[in-house]
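Coordinates in review
Listed below, chain by chain, are the residues.
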Amino acid sequence: MNKVETISTSARAPEGGSAPLLRARGLRLAFGLTEALRGVDLDCHAGEIIAVTGPSGSGKSTLLHVLAGVLVPDEGTVDYDTVRLTDLNETGRSRLRLDKFGFVFQYGQLLPDLTAVDNVTIPLLLAGVKRREARRRADSWLDRLGLAECSRKLPGQLSGGQAQRVAVARALATTPTMLFADEPTGSLDSLAAETVMLALTEAARDANTAVILTTHDPRTAAYADWEVVVRDGQITVGGAYR
Amino acid sequence: MRLFTLTRLVTAEGRGAAGRLVGMAGGIAVGVALLLLLLGAYGGITSRSERLSWPDLHHGELTQVPDPAAAAPTAGSVLAATSLEHFDGREIVRVDIVATPDSTVVVPGVGQPPAAGTYHASPALTALIEANPTDILGSRYGTRAGSIDEAGLAGPDSLVVVTGTTTENLRSSGYGRAGSVLLGGGAWSVTEFRGVSYPSSNYRTITIIGAIAILLPVLILVGIVTRLGAATRAERFAALRLIGATPRRVAAIAATETGVTSLVGALAGVALAWLLIPVAALVEIDDGRLFRTDLTVPPSTVLIVVASVVAGCTAVAGWRTSRARIGPLGGSRERTERRPTALGIVPLIAGVVVLLGATTAALRHTPLPHTDRILIAGFVLLLVGLMAAGPVLTYWIARIAARGAHRTAGVIAMNRIQQHPRATFRAVSGLVAAIFLVSVFSAGITTVAEESLTEDSAHLSPTTLIASLSSPPDDASAAASGITAVTAAASRIARTDGVTATAIGYSHPESGSVFTAADAALVGLPTPEGASHIQVTGGFFGDGPLVTRPAATPDPRPGILVVATDGTTHSVERARTAILGSKLDLSSPPRTQADHESARLHTWADRYANLGHLGVLVATLISAVSLAVSSIAAILDRKRVLGLLRLMGMPASTVRRVIVAEAALPLATVFALCVGLGILTAWCLIAGLTEGRRTITWLPPSYYLILATSLALAATAVISTFRTARTSTTIEATRIG
């Protein structure tokens, strides 16, 4: 996985002529006097993995949240497929996140009172899947991620890497078309980080799920197809991994 | 000083932290205020009993005077007799005193004994006298010479009169009971009027139970507020550990934070108690309202309470923090509670056994020694047992419910309850205690309701006055003049406005009184056909009906005077005043069956109902606050993970459902148990303390109203947390941006 190409544009050209699954244009967002995003353009195609890197406070997580419809930009648009996400109200965006998106975070994302399998069933239940079917699917995902023996354990009984893989299973359980991961390996050692990233990227590729992840770690970024570097709220460098 | 600075920096910065500390201080303030009011009330009731019991006369230096007319007061002693009068269903304690002008005997609240023909009345009685025509009330006592101050009164509502009289007019009355004080009867030569703290074990039992009932929710509230924001605090302490603070230093900071907060809270509680005294003084307990000064707690007690609360909270906070083992890498892993075992229901069963055992023995008239104490112990054991059994039952039910949960909220809530049965139950434990107490007190109060006033053909009208006459002297001529006097007085009384008839009952050699059939019919006594005279047996104020049968010509000695009225209050009281002013030699003041029933029922009703309602009100309100605080704390402790779930698309309504489910399940689990055990406890207390003379009956509609209000308060408490739940689980609140 060597970096073979570096481009200096803020938005990549469409790949193979197909329309991007997620398309952001002219994103601007300020928190008070601080401009977190200053005119960001980005495209993400189905099945593609993009790593957003940059120093702390550069706007990586803010960009991720705007793309996922968690935060609303002051200016600019985000289109998901044929839906203009930035025109939806909170309920509509919540529904879209629940139906189409998956999320993985750095830490503290599993409900401590629920077993691994119950944690994975939560988004399925929210999506209206019956409990029995939800458990079957959750067990299946845990099995695929090598966690079959951990399914009845509580998060407190899991290692950091195992807990993060449970979070990946939860994110992918609803078979989302987009997965957003905010520093998914930030709290893990290098071995656990590698296990998690392998599990995440393989599962995503199998399901043809597009992934946008933020990270400080070049080794994590290296699992992506593309890397964009954010600095002071702008995409300064874009590059492709092969 | 560095510790304080560090504590302030670590724990008190930021809006959230300030809110948490304010919540903690507020909870402690409420707890301390109620504790001080309870201590004040307990002390006040004791000192009040000393003030109100002096008319009993038996507690001072005294000698019985068989014939007051033949006795004479001295400078160092007075002749005194107390009696119980009634006015419109209220009791008036009357103390008649014969004293010399230079008497040195001090009458409590009055000072120098009043001169013959004058009286000193309590402010409440003075107001009553002034509000009514003289012939109805005022003329009973003579000329007003002054008031009785607090030193001689139970409370601001006390109706007491101290009248100055002469040896000829000093009545030697029979025994009576004014509220909780027995009036000894007879006439006495008294050198000192002195009251005592009356030793009513039943009363103390109920008082202690009431105090426990209020204190328990207070303790639960304090326990809950001191845990507020535990997760946030753990994160801050973890950061401290990371930069090198030792576990001991962290525990010291936690203890300092709680110590300072609880000190502020305790001092605020002292101020709150002081502000609440006028409100608390409005509550009628036992013999009426207390004076405000009764509720004041001595400074030494205030100091002890403040110091104990602060020391207790500080020690517990330090202990909890050191036990939490907060490491340098953050809030470590969440502690899962030890799974509750069936042993938790043992205290509950033990409580039931103790209560039933003591009651059964009392019902068999072979009461155990110290039945009252055993019943208190049983009550406490049952209450503690409910608290101990609650988590066990909640855990069992949650396990079953978790299997059937199909919605997100159900899965989240039932699993949390399974992992934290004690914490979850703690949130509703105050309410559980309140429902239990509501049931105890409401069922207890039914003992009054079942003894309603009856009026049928075998009873006199409740507004007919009956006055017992003293036995005439054996001397024939004196007896004859006595009989003439009674007949003349009866005729005069019959002419009083509102009096419809009078009847003189003559002594029967065996039992009861003998009336002429004509007189009996006029006052409403059932009269067998054809009889010229009838014998009436059975108590005029007894529980059973009067029995009438034909009788021979009676013994000429009059024993009782019956005065029938048109039933209006004015007529009854005017007739009563006329009897009292008739110079008849009465062995007991005139009273109606309504007076008798009112006096008999009033005592229990006041003791039980007012304490009960107060306890229930306070317990329910505090419990609702506890539930709200606890629900908020449970959400705040999970705000990050719930916020992340909301970020993933979980609607806020799911968080609301989680809160409702976590509050509803433990409550629903023990609801029926609380009601059942509450009723059982009430029966045991009533039947056990009275050896079966009293029992309970169906719960009144007010019970269901109180129960519904309690549940509505709980629902309000839960709903009030919705906004906090929504705002604290927003995407911004998870601080991941």
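Calculation rules
Residues numbered from 1 in each chain as written. Chains lettered and ligands numbered in written order. Predicted model: local features only at pLDDT ≥ 70, side-chain atom pairs only at ≥ 80, totals over all residues. Helix = DSSP H or I, 4+ residues; strand = E, 2+ residues; numbered from the N terminus. Buried ≥ 20, exposed ≤ 12 C-beta atoms within 10 Å, placed from the backbone. Contact = placed C-beta atoms within 7 Å. Nonpolar A, V, L, I, M, F, W, Y, C, P; charged D, E, K, R; others polar. Expected span 1.5 Å × (residues − 1). Pairing = 2+ DSSP bridges. Axes fitted to C-alpha atoms, helices over the stretch in contact; angles between N-to-C directions. Core = buried A, V, L, I, M, F, W, Y, C linked by C-beta atoms within 7 Å. Domains from an automatic or database assignment. Parallel < 35°, antiparallel > 145°, perpendicular 65-115°, else oblique. Left-handed = near helix turned anticlockwise from the far one by under 90°. pLDDT = per-residue confidence, 0-100.

1. Details of the overall build of chain B
Looking only at helices and strands, chain B features 19 helices and 16 strands. Counting only residues that meet the buried cut, chain B has 51% of its 737 residues in that class. When contacts within chain B are restricted to residue pairs at least 6 apart in sequence, those whose partners lie at least 24 apart make up 80%.

2. Focus: the overall build of chain A
Each helix and strand in chain A was counted, giving seven helices and eleven strands. Nonlocal contacts in chain A, meaning residues at least 24 apart in sequence, comprise 70% of its contacts between residues at least 6 apart.

3. Overview of the interface of chain B and chain A
Opposite the 24 residues of chain B that make contact, chain A presents 28 residues. Contributions of two or more residues to the side of chain B that touches chain A are made by α10 (408-419) and α16 (639-647) of chain B. With six residues, α10(B) is the largest single contributor of residues to the side of chain B that touches chain A. Here the residues of the side of chain B that touches chain A are counted per class, giving eleven nonpolar, eight polar and five charged.

4. Digging into helix α6 (residues 190-206) of chain A
Between its first and last C-alpha atoms α6(A) spans 24 Å; for 17 residues at 1.5 Å apiece the expected length is 24 Å, and the two agree. Where the residues of α6(A) are buried, they touch β4 (49-53), α4 (131-144), α5 (160-173), β8 (178-182), β9 (210-215) and α7 (218-221) of chain A.

5. So, the sheet that holds strand β6 (residues 83-84) of chain A
Residues and elements named next belong to chain A. With antiparallel pairing, four strands are arranged side by side in an open sheet as β3-β2-β5-β6. In the strand order of this sheet, the two ends are held by β3 (34-44) and β6, each with one partner. Looking at chain direction, strand β2 (residues 22-31) and strand β5 (residues 75-80) are connected through five bridges and run antiparallel. Looking at the pairing, Arg28 lines up with Glu75 of β5.

6. Let's talk about the sheet that holds strand β16 (residues 586-591) of chain B
Residue and element names in this part refer to chain B. Spatially, seven strands are ordered β14-β13-β12-β11-β15-β10-β16 in an open sheet, and the strand pairing comes out antiparallel. Each edge of the open sheet is held by one strand with a lone partner, namely β14 (547-551) and β16. Neighbour-to-neighbour, the strand axes of this sheet turn through a mean angle of 25 degrees, independent of strand direction. Note: strand β11 (residues 499-507) against strand β12 (residues 513-516), two bridges, orientation antiparallel. In the sheet register, Ser507 faces β12, and the bridge partner there is Ser513.

7. Notes on unusual backbone geometry
Residue and element names in this part refer to chain A. In this structure, Asp81 takes a positive phi of about 50 degrees despite not being glycine. Along the polypeptide, Asp81 turns up in the loop between β5 and β6. Backbone geometry at Asn208 places phi at a positive 55 degrees, although glycine is not the residue there. Here Asn208 shows up in the loop between α6 and β9.

8. Considering the nonpolar core
With 208 residues, the main nonpolar core has A:Leu142, A:Val168 and B:Leu386 as its most contacted residues. When residues in this core are grouped by element, the largest group, 19 residues, is from helix α17 (residues 652-689) of chain B. When residues of this core are sorted by domain, at least three fall in each of domain 1 (1-51 + 201-333) and domain 3 (336-452 + 596-737) of chain B. Setting aside residues up to four positions removed in sequence, A:Val168 forms contacts with A:Val104, A:Leu145, A:Val196, A:Ala199, A:Leu200 and A:Ala203. The next biggest cluster of nonpolar side chains, apart from the first, holds 40 residues, and it includes B:Leu57, B:Phe87, B:Val95 and B:Leu159.

9. Side note on the packing of helix α3 (residues 116-126) of chain A against α5(A)
Residues and elements named next belong to chain A. It is at 8 Å that the axes of α3 and α5 come closest, and there the two elements cross at 25 degrees. Taken together, the axis directions place α3 and α5 in an arrangement best described as roughly parallel. As α3 runs across α5, the sense of the crossing is right-handed. Only Val166, Ala169, Arg170 and Ala173 of α5 make contact with α3, whose side of the interface consists of Ala116, Asn119, Val120, Ile122, Pro123 and Leu124. Residue composition of the contact of α3 with α5, by class: eight nonpolar, one polar and one charged.

10. Quick notes on the confidence of the model for chain A
In low-pLDDT segments, the atomic positions of the prediction should not be examined closely. Model confidence for chain A is summarised by a mean pLDDT of 84, while 90% of its residues fall at 70 or above. Segment residues 1-11 of chain A: pLDDT under 50, and 23 contacts once partners within four positions in sequence are set aside and those in other chains are kept.

11. Let's talk about the confidence of the model for chain B
Residues and elements named next belong to chain B. Summing up the model confidence of chain B, the mean pLDDT is 79 and the portion of residues at 70 or higher is 82%. Considering only residues more than four positions removed or in separate chains, one finds that residues 449-457, a stretch of pLDDT under 50, has eleven contacts. Both scores are available for the predicted complex, with the pTM at 0.63 and the ipTM at 0.75.

12. A short note on the pairing of β2(A)
Residues and elements named next belong to chain A. Note that β2 and β3 share eight bridges and pair antiparallel. Paired with Phe31 across the two strands is Thr34, which belongs to β3. In textbook terms, the turn of a hairpin is the stretch between consecutive antiparallel strands, and for β2 and β3 this stretch comprises two residues, one of which, Gly32, has a positive phi near 65 degrees.

13. Some remarks on the environment of A:Leu63
Residues and elements named next belong to chain A. Within the fold, Leu63 resides in helix α1 (residues 60-67). Once the C-alpha coordinates of Leu63 and Val40 are considered, the two residues, 23 residues apart in sequence, prove to be 8.3 Å apart. Those residues in contact with Leu63, other than ones at most four positions away along the chain, are Leu37, Val40, Val52 and Val230.

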